[in-house]
Amino acid sequence: MNWQKQDYDDIPGTYVFDGQRAHPAYAINKLLYTFNDEACRAEFDADPAAYCDKMGVTGEYKEAVLAQDFLGLLRMGANIYFLAKMCIPRGVSVQDAGAAFQGITTEEFQQRLLDKGNGLSDILAKRGDYWNG
Amino acid sequence: MAKIIGGITSSHIPAVGNAISQGLTQEPYWKRFFDGYEPAKDWLKEVKPDLVIVVYNDHGLNFFLDKMPTFALGCADIYENADEGWGLKPTAPFTGDAKLSWHIAQSLVEQEFDICTCQEMKVDHGFVNPIRALFGDHVDWPVKAIPLAVNTVQHPVPSAARCLKLGRALGKALESYPEDTRVVILGTGGMSHQLQGERAGIIDVEFDLECMDKIATEPEWMTQFSNAEIIRRAGSEGIETIMWLVMRGALKDDAAVLHKHYHAPISNTGAGVLVLDNQ
């Protein structure tokens, strides 16, 4: 039986974290969750492959962890918040990940974000009832 | 009697906590974002709440995906912040009010909101950063706090309509509490942002501003949208804005709008502050 279709499935470039993603990626997300604990982070760093084995992370998931392929992990169902526990301490920000998804540099990604604020002061002034310091 | 004196909305972006910790709030990138909190801070100093109820989502500190409650209420006397995996120093612990929490839980269940009660609950940046932005950093926090967690992480997540109804039930629960306690409710998260996928980086200023205007004065407007429609406009993580409706539902329909502040981008996000006076 196939996974039920969802009304968000056709939103482009968007991987809504639902049962269909969470179910096959349970082990990898559980591994990432243990990184809240500093001792687990150290144990992983000492021997990543052994830590994957201990946490039941196998196959393409294990390969992606060992390669630090954050993009691949996201596509395979790692949740962005859990993945952040692995990538942020390794100097990869959520903005780096966003840029990688789009095939642009982090600087370009950040500039696109900044551009979203263009003209904001005028927009708020027109509305009139916003603080606009 | 407990009294809901008002509600405030705030984003709860991790970078906001870092900016406070590193003393960057008056740097050019951050100044306008933080300056827009000043009227909210002044109002809090004036009305002096005893307690804040913080409506937020956990990001994988307290709740793993093994058990994911749709709505969960802290029912303890103390709530600790902890390392979320980034090695940051935790804030001082927060004092709760277990008797009030259990009263809320009982009232919510009687009103058919079958809430998950938590006698231990670690609170992450989603809870901590709005308090830090509104009250500053403290060793002894100047206000008690109760966490109310909404699942916006693992779908299915509740609808905007359901969040508004929860807020109305929360309002009734608080109004029936016999002890004198002055409560402010913080609706946190959002606004538009998407962290993952090829569409990462979207911010929809027009949609955010319309949400702010309508949540302030006509919150039913938001309930016309399915979660898919909100995600389409506001991004996969922008769905967090539904939590503002829990705050809004607890207030009177004609609560007065004291302050509106919007800034974009801050980190990856459109950020909005509403201050609503319920008195």
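Note that the structure is predicted; figures quoted are calculated from it, not measured.

1. Considerations on the overall build of chain A
Move 1: From N to C terminus, chain A includes 10 helices and zero strands.
Move 2: In chain A, the order of α-helices and β-strands from amino to carboxyl end is α-α-α-α-α-α-α-α-α-α.
Move 3: In terms of overall dimensions, chain A is more spread out than a globule: its C-alpha atoms have a radius of gyration of 19 Å, far above the 14 Å expected for 133 residues.
Move 4: Projected onto the principal axes, the alpha-carbon positions of chain A cover approximately 60 × 40 × 30 Å.

2. Description of the overall build of chain B
Move 1: Within chain B, the secondary structure is distributed over nine helices and 10 strands.
Move 2: A globule of 279 residues ought to have a C-alpha radius of gyration of about 19 Å, and chain B, at 17 Å, matches this closely.
Move 3: In terms of its C-alpha atoms, chain B occupies a principal-axis envelope of roughly 45 × 40 × 40 Å.
Move 4: By residue count, 57% of the 279 residues in chain B fall in the buried class.
Move 5: In chain B, once contacts between residues fewer than 6 apart in sequence are set aside, the share between residues at least 24 apart is 83%.

3. Comments concerning the confidence of the model for chain B
Move 1: Within chain B, residue pLDDT values average 97, and 100% of them lie at 70 or more.
Move 2: With pTM at 0.98, the complex prediction returns an ipTM value of 0.96.

4. Some words on helix α7 (residues 205–217) of chain B
Move 1: With 13 residues, α7 of chain B extends 19 Å between its outermost C-alpha atoms, agreeing within 8% with the 18 Å of an ideal straight helix rising 1.5 Å per residue.
Move 2: Within α7 of chain B the residues assigned to the buried category are V205, D208, L209, C211, M212, I215 and A216 of chain B. The buried residues of α7 of chain B occupy an angular sector of 155° when projected down its axis, which confines them to one face.
Move 3: Looking at the buried residues of α7 of chain B, the elements they touch are α10 (120–127) of chain A together with α9 (244–250), β9 (256–266) and β10 (269–277) of chain B.

5. Comments concerning the nonpolar core
Move 1: Among the nonpolar cores identified, the biggest contains 126 residues, and L83 of chain A together with V54, V55 and V246 of chain B are the most heavily contacted of them.
Move 2: At eight residues, helix α6 (residues 160–175) of chain B tops the list of elements feeding residues into this core.
Move 3: There are two domains that each give this core at least three residues, and those are domain 1 (19–91) and domain 2 (103–133) of chain A.
Move 4: Residues in contact with L83 of chain A, not counting those within four places in the same chain, are L32, F70, L73, L74 and A78 of chain A.

6. Some thoughts on the pairing of strand β1 (residues 2–10) of chain B
Residue and element names in this part refer to chain B.
Move 1: Burial runs high along β1: eight of the nine residues are buried.
Move 2: Where β1 meets strand β8 (residues 181–188), eight bridges bridge the pair, whose relative direction is parallel. Opposite I4, over in β8, you have V183 as the bridge partner.
Move 3: The pairing of β1 with β10 spans three bridges and is antiparallel. When the bridges of β10 are listed, G6 appears paired with D277.

7. Re the pairing of β9 of chain B
Residues and elements named next belong to chain B.
Move 1: Extensive coverage of β9 is indicated by the burial of eight of its 11 residues.
Move 2: Of the pairings in the sheet, the one linking β9 to β10 comprises eight bridges and is antiparallel in character. Of the residues in β10, the one forming a bridge with H259 is V275.
Move 3: Linking β9 back to β10 in an antiparallel pair, the connection comprises two residues, with S267 at a positive phi of about 55°.

8. Topic: helix α8 (residues 227–234) of chain B
All names here are of chain B.
Move 1: Among the residues of α8, those classed as buried are N227, I230, I231, R232 and A234.
Move 2: Among the structural elements, α6 and α7 are those in contact with the buried residues of α8.
Move 3: Downstream of α8 by a residue or two, G235 has a phi angle that is positive, lying close to 95°.

9. Brief notes about the packing of helix α1 (residues 14–21) of chain B against helix α5 (residues 125–135) of chain B
All names here are of chain B.
Move 1: For the pair α1 and α5, the least separation of the axes is 9 Å and the interaxial angle reads 45°. Judged by the angle between their axes, α1 and α5 are oblique. For the crossing formed where α1 meets α5, the hand is left-handed. Seen from α1, the contacting residues are P14, V16, G17 and I20; seen from α5, they are H125, V128, N129, R132 and A133.
Move 2: Here the residues of the contact of α1 with α5 sort into five nonpolar, three polar and one charged.

10. Description of the environment of V257 of chain B
Residues and elements named next belong to chain B.
Move 1: Its place among the elements puts V257 in strand β9.
Move 2: A residue is classified by how many C-beta atoms lie within 10 Å of it, and V257, with 14 of them, is partly exposed.
Move 3: Measuring from C-alpha to C-alpha, the distance between V257 and A216 comes to 6.7 Å, with 41 residues separating the pair along the chain.

What counts as what
Residues numbered from 1 in each chain as written. Chains lettered and ligands numbered in written order. Predicted model: local features only at pLDDT ≥ 70, side-chain atom pairs only at ≥ 80, totals over all residues. Helix = DSSP H or I, 4+ residues; strand = E, 2+ residues; numbered from the N terminus. Rg over C-alpha atoms; globule rule 2.2 N^0.38 Å. Buried ≥ 20, exposed ≤ 12 C-beta atoms within 10 Å, placed from the backbone. Contact = placed C-beta atoms within 7 Å. pLDDT = per-residue confidence, 0-100. Expected span 1.5 Å × (residues − 1). Arc of directions from axis to C-beta. Core = buried A, V, L, I, M, F, W, Y, C linked by C-beta atoms within 7 Å. Domains from an automatic or database assignment. Pairing = 2+ DSSP bridges. Axes fitted to C-alpha atoms, helices over the stretch in contact; angles between N-to-C directions. Parallel < 35°, antiparallel > 145°, perpendicular 65-115°, else oblique. Left-handed = near helix turned anticlockwise from the far one by under 90°. Nonpolar A, V, L, I, M, F, W, Y, C, P; charged D, E, K, R; others polar.

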